[in-house]
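Examination of the molecular architecture
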Amino acid sequence: MISSSQFEGNLYDFSQEPQRAPIGIFDSGVGGLTVLRQLYRQLPNESIIYFGDTARLPYGIRSQAEILQFVREILTWMQQQQVKMVIMACNTSSALALEIVREEFPMPILGLILPGARAAVQQGKRIGVIATPATAKSNAYKRAIIEINPDVQVWQVGCPEFVPLIEQNRIHDPYTVEVARSYLEPLVQQQIDTLVYGCTHYPHLAPVLRSLLSTSVKLIDPAVHVVAACAKELDLLGLKNTHPALPTRFIVSGCPQQFAESSAQWLGFTPMVEVVCLSNTAVSSN
């Protein structure tokens, strides 16, 4: 069931029961589904609005100014949907925009970099990070990891082809394996003991990456750890929902059919997907 009609906004008023308000998640595409799955596992009572900015993916080759504009538009729209918290299920946005928009919007906004960095430092001393070119160029993971433990070593590789290949459902193509091998080679040469998925799309590549790495290399999925941080934050704010969750809303800025077909294999069902035009959203000027 797919609707391509304009999303008309929330059918509920959560002002009297803020605990029941949804958590907003956004990504450029299907990558954020790795965070969504963790929310289903760790916080099954939470209602969720998932936004995929599919009309403008991939984010990883964009400038900071573009990313910041996109994030402001998405957060303004999320605020209109009365979300109680937002998870940036996008490492590029977390690296380039998180600190800025946290000052501009009233709801708590969580990013992936710090939870992922903390988990990596707990696991190893020779840490590799695979990420989009924008995230790698920002050095956000390297800075966060070294700030936690200056004694670890960190190597980063930008992987521009991964997101398009995943969005095109080409994970098991021989070409994808060769691309992955070329990206991992400099990290393997450095004898890394830990690999961080520096993009939420990349856990979808886990079978391919695991086949190319020593079994001793630990894989860090920041999605697991940002949701754990989300749970702590909800407890701290008294916003954890104890009622049954509302159905997840799936919204995209691009083609709903393509997103529904791409996401079904990871969700285990074909979602109903609607479209919102963010160009109709007035950006917050707070």
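Further up the page is the structure itself.
This structure is a prediction, so every number in the text was calculated from the model and none was measured. (Residues numbered from 1 in each chain as written. Predicted model: local features only at pLDDT ≥ 70, side-chain atom pairs only at ≥ 80, totals over all residues. Heavy atoms only, no water.)

Observations regarding the side chain of Asp221
Rules: We count a stretch as a helix when DSSP gives it H or I for four or more residues in a row; a strand needs E for two or more, and each element gets its number in order from the N terminus. In this scheme, a residue with accessible area under 20% of its type's maximum is buried, one over 50% is exposed, and one in between is partly exposed, where area comes from a 1.4 Å probe on protein chains only. When charges are tallied, Lys and Arg are placed among the positive residues and Asp and Glu among the negative ones, while His and the ends of the chain are skipped. Note on definitions: salt bridges are taken to be side-chain nitrogens of Lys or Arg within 4 Å of carboxyl oxygens of Asp or Glu. Each polar contact in these results corresponds to two N or O atoms within 3.5 Å; when the atoms are within protein, one needs to be able to donate a hydrogen and the other to accept it, and residues that are neighboring in sequence are counted only if both atoms are side-chain atoms. We call two residues in contact when some of their heavy atoms are within 4.5 Å.
On the secondary structure map, Asp221 appears in the loop between strand S8 (218-220) and helix H11 (222-237). This buried residue, Asp221, is left without a salt bridge; Arg37 holds the nearest opposite charge, at 6.1 Å. A distance of 3.0 Å separates a polar atom in the side chain of Asp221 from the backbone nitrogen of Ala223. Discounting chain neighbours no more than four positions away, the residues touching Asp221 are Tyr197 and Pro203.

Looking at unusual backbone geometry
Put simply, Leu57 and Pro58 share a cis peptide bond, and its omega is -5°. In this structure, Pro58 sits in the loop between strand S2 (48-52) and helix H2 (64-80). Even without glycine at this site, Gln82 takes up a positive phi of about 65°. Summarising the element assignment, Gln82 is placed in the loop between H2 and strand S3 (85-88). Among the residues examined, Gln82 registers a relative accessible area of 27% and is labelled partly exposed. Even without being a glycine, Gln191 presents a positive backbone phi close to 55°. Positionally, Gln191 belongs in the loop between helix H9 (174-189) and strand S7 (194-198).

What to know about the environment of Ile25
Positionally, Ile25 belongs in strand S1 (residues 23-27). Among the residues examined, Ile25 registers a relative accessible area of 0% and is labelled buried. Measuring from C-alpha to C-alpha, the distance between Ile25 and Leu75 comes to 9.8 Å, with 50 residues separating the pair along the chain. In this view, Ile25 contacts Gly32, Val35, Leu36, Leu39, Ile48, Ile49, Tyr50, Phe51, Met78, Ile87 and Ala89; residues no more than four positions away in its chain are not counted.

Points about the sheet that holds S7
This is how the line gets drawn: Note on pairing: DSSP must find at least two bridges between two strands before they are called paired. Every angle, taken between N-to-C directions, lies between 0 and 180 degrees, and every axis is a line fitted to C-alpha atoms, over only the stretch in contact when it is a helix.
Taking strand neighbours across the sheet as the criterion, the 4 strands line up as S6-S5-S7-S8 in an open arrangement whose pairing is parallel. On the outer flanks of this sheet lie strand S6 (153-158) and S8, each paired with one strand and no other. For this sheet, the mean angle separating the axes of adjacent strands, direction not counted, is 20°. The pairing of S7 with S8 spans 3 bridges and is parallel. Residue pairing in the sheet places Thr194 in a bridge with Lys218 of S8.

Remarks on the pattern of salt bridges
A complete count under the given rule lists 10 salt bridges for this structure. Among the salt bridges present, the one from Glu17 reaches Arg20, with a minimum N-O distance of 3.7 Å. On the basis of relative accessibility, which here comes to 30%, the residue Arg20 falls in the partly exposed class. A salt bridge links Glu46 to Lys84, with the nearest nitrogen and oxygen atoms 2.6 Å apart.

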